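# Examination of the molecular architecture
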Amino acid sequence: MQLSKRFAIVVAGIIVFSLVIVTACRKHKMEGMDMPVKDINYPAAYVVNGESNTISVINLNSNTLTDTIELMTAGGNDMPMWPHHIYHFAAGGAHRLAVGVPGSDLSAGHGGNMGGMKGRVMIIDAVKGSISKDLEVPTMNHNAAFSPDGREIWTSQMEMEGKVLVFDAQNYTLKNTIPVGMEPAEVTFSADGTKAYVANGGDNTVSIIDPASKAVLTTIPVGENPVGAWVGHDGKMYLDNEDGQSISVIDVATNKIVQTIPLGFMPGSAAHLASRKELWVTDPDNGQVHFWVPDATGQWVHGGKFNAGAGAHAVAITSDGATAYVTNQSAANVSVIKVSDHTKIKDIPVGKKPNGIVIKQ
């Protein structure tokens, strides 16, 4: 009996010790020290899932979900709150992703932002799927975008006295603070890289900035509650006004609004398809995408609409212009669209509340 009791104690001790080791190993992995490196060496779409705090990776060759990148804050003991939009930069064979993490759910619109929230900028190796940098910023931010030369990372601060923070993309030091309008949202760059645009949702303006000097060239009034000026490949920028339910068409050369397109619905985002000479605008409430075509005078006129999914939001297009991918926040999937005839090829399930999307080819 005495021997059995001692044996039981020894066994119990071994079990406890083993549990400690297993727990330690699990924590070790959670901290990212032993996390397996991915090999995303195929053409891919990266989808930010706001509620799931993940990035779904879609293989463009097969249109299937092939990888998931878990987003963890520095130290691996916390998760970022509501990652939002994503941008890609490639140089010298390296592919990097920049994700803005506002810390608040913006899926239903961008009005009434929560005060006191801090934001994050997360830089990710697009091939390995590893987080290169987790940078906290003082106030919630809408996105983080690489400058056209990839040397800087720009992100807005969504507060009443709005500003844009410019970080060095190598050592992540703060280089510039640029005052803009009230509650700035998306920061974007023109196709030629000569100008940066910041949509100021709090005062219904857009600030236009010289990326080289960091000087604000001008601030122009637009529609109510602008969210982002989306890139046109025709010398224009297309700014979606959520509450104004319109698109402001801005001429890059003159800094003038050359057309205001009434929509009749709250836009999710806009995408210019140069090869088709079409302007797509997502309609989240109806799960559709509307498209416009130019008339004889070059003005945009409504050309039709097609189905995507509930909460249709962001659009990414392959480099050959043949296929488009639309994130559907309420449906938790991505619609694959054949651009030539606007037909849906399939829906790909992803994480909860997918929002931003970008393509690497």
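Conventions we followed
- Residues numbered from 1 in each chain as written.
- Predicted model: local features only at pLDDT ≥ 70, side-chain atom pairs only at ≥ 80, totals over all residues.
- Heavy atoms only, no water.
- Core = buried A, V, L, I, M, F, W, Y, C linked by side-chain atoms within 4.5 Å.
- Buried < 20%, exposed > 50% of the residue type's maximum accessible area, 1.4 Å probe, protein only.
- Helix = DSSP H or I, 4+ residues; strand = E, 2+ residues; numbered from the N terminus.
- Contact = heavy atoms within 4.5 Å.
- Salt bridge = Lys/Arg side-chain N within 4 Å of Asp/Glu carboxyl O.
- Pairing = 2+ DSSP bridges.
- Axes fitted to C-alpha atoms, helices over the stretch in contact; angles between N-to-C directions.
- Phe/Tyr/Trp six-rings, centres within 6.5 Å; stacked < 30°, edge-to-face > 60°.

By the naming in an unreviewed UniProt entry, the protein is YncE family protein, taken from Chitinophaga pollutisoli.

Here is a general trend for soluble globular proteins: nonpolar side chains tend to be buried in one another's company. The biggest cluster of nonpolar side chains holds 17 residues, and the ones touching the most others in it are Tyr46, Ile55, Ile69 and Ile86. Elements that contribute at least two residues to this core include exactly β1 (44-49), β2 (54-59), β5 (94-101) and β6 (119-125). Leaving out residues up to four positions away in the same chain, Ile69 has contacts with Lys38, Ile40, Tyr46, Thr54, Ile55, Val57, Ile124 and Gly129.

All chains considered together, the criterion is met by 11 salt bridges. Residue Arg120 pairs with Asp134 through a salt bridge whose shortest N-O separation is 2.9 Å. Of this pair, Arg120 sits in strand β6 while Asp134 sits in strand β7 (residues 131-137), placing them 14 residues apart in sequence. Several salt bridges share partner residues, and in doing so they unite Lys118, Arg120, Asp134 and Glu136 into one network.

In space, the four strands of this open sheet follow the order β4-β5-β6-β7, with antiparallel pairing throughout. Each end of this open sheet is capped by a strand with a single partner; those strands are β4 (86-91) and β7. The mean inter-strand angle of the sheet, taken between neighbouring strand axes irrespective of direction, is 15°. The pairing of β6 with β7 spans six bridges and is classified as antiparallel. Across the sheet, the residue bridging to Met122 is Asp134, located in β7.

Here Ser330 is to be found in the loop between β25 (323-328) and β26 (333-338). Classification of Ser330 by relative accessible area gives exposed; the value is 61%. It is 4.8 Å that separates the C-alpha atoms of Ser330 and Gly311, two residues lying 19 residues apart in sequence. Other than its neighbours up to four places away in sequence, Ser330 contacts Ala310 and Gly311.

With that out of the way, let us pick up unusual backbone geometry. Even without being glycine, Lys214 reaches a positive phi, approximately 70°. Structurally, Lys214 is set in the loop between β14 (205-209) and β15 (216-221). Positive phi, close to 55°, is recorded for Asn225, a residue that is not glycine. Along the chain, Asn225 falls in the loop between β15 and β16 (226-231). Residue classification places Asn225 among the buried residues on the basis of a relative accessible area of 9%.

Attention shifts here to the pairing of strand β19 (residues 256-262). Pairing between strand β18 (residues 246-251) and β19: six bridges, direction antiparallel. Note on β19: the bridge partner recorded for Ile247 is Ile261.

For the rest of this paragraph, the subject is the packing of aromatic side chains. Taken as a whole, this structure holds five aromatic pairs when the rule is applied. With centroids separated by 5.9 Å and ring planes inclined at 40°, the aromatic side chains of Phe89 and Phe146 adopt a geometry described as tilted. Placement of Phe89 in strand β4 and of Phe146 in strand β8 (residues 144-146) is noted, with a sequence separation of 57 residues between them. Just as Phe89 is buried, Phe146 falls in that class too. Considering the side-chain rings of Trp154 and Phe189, the 5.1 Å spacing of their centres and the 75° angle between planes classify their relative orientation as edge-to-face. With a gap of 35 residues between them, Trp154 in strand β9 (residues 152-157) and Phe189 in strand β12 (residues 184-189) connect regions that are remote in the sequence. Using a relative accessible area of 0% as the deciding quantity, one classes Trp154 as buried.

Below, the discussion takes up the sheet that holds β9. Sheet architecture is open: four strands sit in the order β8-β9-β10-β11, paired in antiparallel fashion. Each edge of the sheet is formed by a strand with only one pairing partner; in this case those strands are β8 and β11 (174-179). Averaged over all adjacent pairs, the angle separating strand axes in this sheet is 20°, with direction ignored. Relative to β11, strand β10 (residues 163-168) is paired through five bridges, and the arrangement is antiparallel. Looking at β11, one finds that Val164 is bridged to Ile178.

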